[in-house]
Amino acid sequence: MWYVIDARDAPDSLARRLEARPRHLERLNALRDAGRLLLAGPCPAIDAEDPGPAGFSGSLVVAEFESIEAARAWAEADPYREAGVYASLDVRPFRKVLP
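Residues numbered from 1 in each chain as written. Predicted model: local features only at pLDDT ≥ 70, side-chain atom pairs only at ≥ 80, totals over all residues. Heavy atoms only, no water.

Caption draft 1: Just the packing of aromatic side chains, in detail. The full count for this structure, using the stated rule, is two aromatic pairs. For the pair F65 and W74, a centre-to-centre distance of 5.7 Å together with 50° between the ring planes defines the contact as tilted. By the burial criterion, F65 is buried, and W74 matches it. Ring centres of Y80 and Y86 lie 5.5 Å apart, and the angle between their planes is 90°; this geometry places the pair in the edge-to-face category. Residue classification places Y80 among the buried positions, given a relative accessible area of 1%. Accessibility expressed as a relative area gives 6% for Y86, which makes it buried. (Phe/Tyr/Trp six-rings, centres within 6.5 Å; stacked < 30°, edge-to-face > 60°. Buried < 20%, exposed > 50% of the residue type's maximum accessible area, 1.4 Å probe, protein only.)

Structural data, given as structure tokens:
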């Protein structure tokens, strides 16, 4: 089943985000390579493609997991979580309808 992982960044976490980004992307690339990633990306803190020093307010990942517990465990082990970038995580089932 698909699950949406909605993560919210901690205040002033841009430097930690940038440092942990390569490890974060490795995990997302592994999901993609396994055909289990629908989409993933950050949410800029301001209305701009490149928010610069304003940073990001969080991230969104939609991926396939065996269970909600597996999705939560994957999200909790994210390098952004370990680095203190993510202040909170919400994991919910997702049903793709379109496109």
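Let us keep going from here.
Caption draft 2: How the structure looks around helix α1 (residues 14-33). When the terminal C-alpha atoms of α1 are compared, their 27 Å separation across 20 residues agrees well with the 28 Å that a helix rising 1.5 Å per residue should span. Its maximal kink placed at R21, α1 deviates by approximately 55°, while the proline P22 follows within four residues. Taken together, the buried positions of α1 are R17, A20, H24, R27, L28 and L31. Buried residues in α1 make contact with β1 (2-9), β2 (37-44), β3 (56-64), α2 (68-76), α3 (79-82) and β4 (86-94). (Helix = DSSP H or I, 4+ residues; strand = E, 2+ residues; numbered from the N terminus. Expected span 1.5 Å × (residues − 1). Bend = angle between axes of the 7 residues up to and from the residue. Contact = heavy atoms within 4.5 Å.)

Caption draft 3: Quick peek at α2. For α2, the set of buried residues is I68, A71, W74 and A75. Within α2, the buried residues cover an arc of 125° as seen down the axis, which keeps them to one side. The secondary structure elements touched by the buried residues of α2 are β1, α1, α3 and β4. (Arc of directions from axis to C-beta.)

Caption draft 4: Structural detail: the nonpolar core. By size, the foremost hydrophobic cluster in this structure holds twelve residues: Y3, I5, L28, L31, V61, A63, F65, I68, A71, W74, A75 and V91. Of all the secondary structure elements, the ones that give two or more residues to this core are β1, α1, β3 and α2. Ranked by residue count, the leading element in this core is α2, at four residues. Setting aside residues up to four positions removed in sequence, I68 forms contacts with Y3, V91 and P93. Core analysis: the second largest hydrophobic core is formed by five residues, A20, Y80, V85 and Y86 among them. (Core = buried A, V, L, I, M, F, W, Y, C linked by side-chain atoms within 4.5 Å.)

Caption draft 5: Structural detail: a nonpolar patch on the surface. Taken together, the side chains of L38, L39 and L60 present a nonpolar region at the surface, about 200 Å² in accessible area. Inspection of the secondary structure assignment puts L39 in strand β2. (Patch = residues over 30% accessible without salt bridge, like charges linked within 9 Å, V, L, I, M, F, W, Y side chains within 5 Å. Areas by Shrake-Rupley, 256 points an atom, 1.4 Å probe, with all protein chains shown as cover. Salt bridge = Lys/Arg side-chain N within 4 Å of Asp/Glu carboxyl O.)

Caption draft 6: Quick peek at the environment of R36. By the secondary structure assignment, R36 is in the loop between α1 and β2. Classification of R36 as partly exposed rests on a relative accessible area of 29%. When the C-alpha positions of R36 and G55 are compared, they lie 27 Å apart, and in sequence the two are 19 residues distant. Non-local contacts of R36, meaning those with residues more than four positions away in its chain, are made with W2, L31, V62, A63, E64 and F65.

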